[in-house]
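If you want the building blocks of each chain, they are given just below.
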Amino acid sequence: MQIDVQQLQYISLFKELEPLLLGKLAEHSSLKTYESDEVVFYEGDALPACLYLLVTGSLRLTKISESGKETILRLLRADEVFAAPALFGNGVAPATATALEPIKVLTIEREVLLNGFREAPEMALHMLGIFNQRLQHLHSRVHGLVSERAIVRLIHYLKYFADSGGTETVPEGQRLRARLTYYQMARSIGITYEECVRVFKQLKGSVTYQRGGKITILEPNQLTAIVQQNSN
């Protein structure tokens, strides 16, 4: 399904662009819907040369190691760009992308997008900023996997989703808008499911976990103190 100019204007990457340029982008773009648990692409798939952007819903990126273990690389929310190799690299999917709920994915042909960069350099700078943030997050994550204890990695992971996905106020505290299951958290920070459950028990009084991945931060200052205690 082709997207129109009005729909593009609601996406942060394009909202400052002139209608004429938006019209050119819209002509060479498409919007596709995926249902929960449907795969957008598999690791190793050849991808068409285009930009991939998640318009609505949430998406999981996973990679399988040689031993067969699945690792969750990222959980994406609406308005995030993904599958960078399709736009700037070798065109091979670096991971498997699976819908966590009904989603809509926008694709725009690379050549049209590059022409858009020439007409609106601010769009290119914005996208460079996105990839720079991703590299910084990757660097921090790799450093954490090597040097930090599991409880510290988990707290950093929860704080990341509190900052990026937002929270809502409930009587107990601040509930993450993102739903994070034990499995997702374990696969994201490099520990087993069982260890993730044990670590969560160590955070009792600071964080609560409810069925379906509902996580509420009760005492953020206690979480900060735990990080400091375990980082020495």
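Cut-off values and rules
Residues numbered from 1 in each chain as written. Predicted model: local features only at pLDDT ≥ 70, side-chain atom pairs only at ≥ 80, totals over all residues. Heavy atoms only, no water. Helix = DSSP H or I, 4+ residues; strand = E, 2+ residues; numbered from the N terminus. Rg over C-alpha atoms; globule rule 2.2 N^0.38 Å. Buried < 20%, exposed > 50% of the residue type's maximum accessible area, 1.4 Å probe, protein only. Contact = heavy atoms within 4.5 Å. Salt bridge = Lys/Arg side-chain N within 4 Å of Asp/Glu carboxyl O. Pairing = 2+ DSSP bridges. pLDDT = per-residue confidence, 0-100. Axes fitted to C-alpha atoms, helices over the stretch in contact; angles between N-to-C directions. Parallel < 35°, antiparallel > 145°, perpendicular 65-115°, else oblique. Core = buried A, V, L, I, M, F, W, Y, C linked by side-chain atoms within 4.5 Å. Phe/Tyr/Trp six-rings, centres within 6.5 Å; stacked < 30°, edge-to-face > 60°.

A. Quick look at the overall build of the chain. Tallying secondary structure elements over the chain gives 9 helices and 12 strands in all. Against the globule reference of 17 Å for 232 residues, the chain gives a C-alpha radius of gyration of 19 Å, in line with a compact fold. Per-residue burial over the chain gives 44% buried out of 232 residues. The long-range fraction of contacts in the chain, counting pairs at least 24 apart against all pairs at least 6 apart in sequence, stands at 68%.

B. Summary view of the pattern of salt bridges. Under the counting rule described, the total for this entry stands at 2 salt bridges. Across the pair Glu80 and Arg74 runs a salt bridge whose closest N-O atoms are separated by 2.6 Å. Exposure remark for Glu80: the relative accessible area of 21% places this residue in the partly exposed category.

C. Inspection of the pairing of strand 11 (residues 207–210) at higher detail. In this structure, strand 11 lies alongside strand 12 (residues 214–217), joined through 4 bridges in antiparallel fashion. When the sheet's bridge partners are listed, Tyr209 is paired in strand 12 with Ile215. Where strand 11 hands over to strand 12, the hairpin turn is made up of 3 residues, of which Gly212 adopts a positive phi near 90°.

D. Quick peek at unusual backbone geometry. We note that Asp37 has phi near 70°; this positive angle belongs to a residue other than glycine. Position of Asp37 among the secondary structure elements: in the loop between strand 1 (29–34) and strand 2 (39–41). With a phi close to 55°, Ala83 is a non-glycine residue in the positive phi region. With respect to the element layout, Ala83 can be found in the loop between strand 6 (80–82) and helix 3 (84–88).

E. Representation of the confidence of the model for the chain within the structure. Model confidence for the chain is summarised by a mean pLDDT of 83, while 91% of its residues fall at 70 or above. The element-level mean pLDDT for the chain is lowest in helix 5 (residues 121–147), coming to 62, with strand 2 highest at 95.

F. Expanded view of the packing of helix 7 (residues 182–189) against helix 8 (residues 193–202). Across the interface, helix 7 lies against helix 8 with an axial gap of 8 Å and an inter-helix angle of 105°. Classified by the angle their axes make, helix 7 and helix 8 are roughly perpendicular. Of the residues in helix 8, those in contact with Tyr182, Tyr183, Met185 and Ala186 of helix 7 are Tyr193, Cys196, Val197 and Phe200.

G. Inspection of the nonpolar core at higher detail. In terms of nonpolar packing, the biggest core is built from 30 residues, with Leu158, Leu180 and Met185 touching the most fellow members. Where this core is concerned, the elements lending two or more residues are strand 5 (70–77), helix 6 (150–165), helix 7, helix 8, strand 12 and helix 9 (220–229). Looking at this core element by element, the count peaks at 9 residues for helix 6. When residues no more than four places from it in sequence are discounted, the contact partners of Leu158 are Leu176, Leu180, Met185, Phe200, Val207 and Ile215. Ranked by size, the runner-up nonpolar core spans 23 residues in total, among them Phe14, Leu51, Leu113 and Met123.

H. Main features of the packing of aromatic side chains. The final tally for this structure, using the stated rule, is 9 aromatic pairs. Measuring from centroid to centroid gives 5.9 Å for Tyr182 and Tyr193, while their planes differ by 85°, and the two rings are edge-to-face. Taken together, the residues Tyr182 in helix 7 and Tyr193 in helix 8 connect sequence positions 11 residues apart. Aromatic side chains Phe200 and Tyr209 sit 5.7 Å apart centroid to centroid with 70° between the ring planes, which places their arrangement in the edge-to-face category. Accessibility expressed as a relative area gives 4% for Phe200, which makes it buried. By way of ring pairs, the aromatic residues Tyr182, Tyr193, Phe200 and Tyr209 are connected into one cluster.

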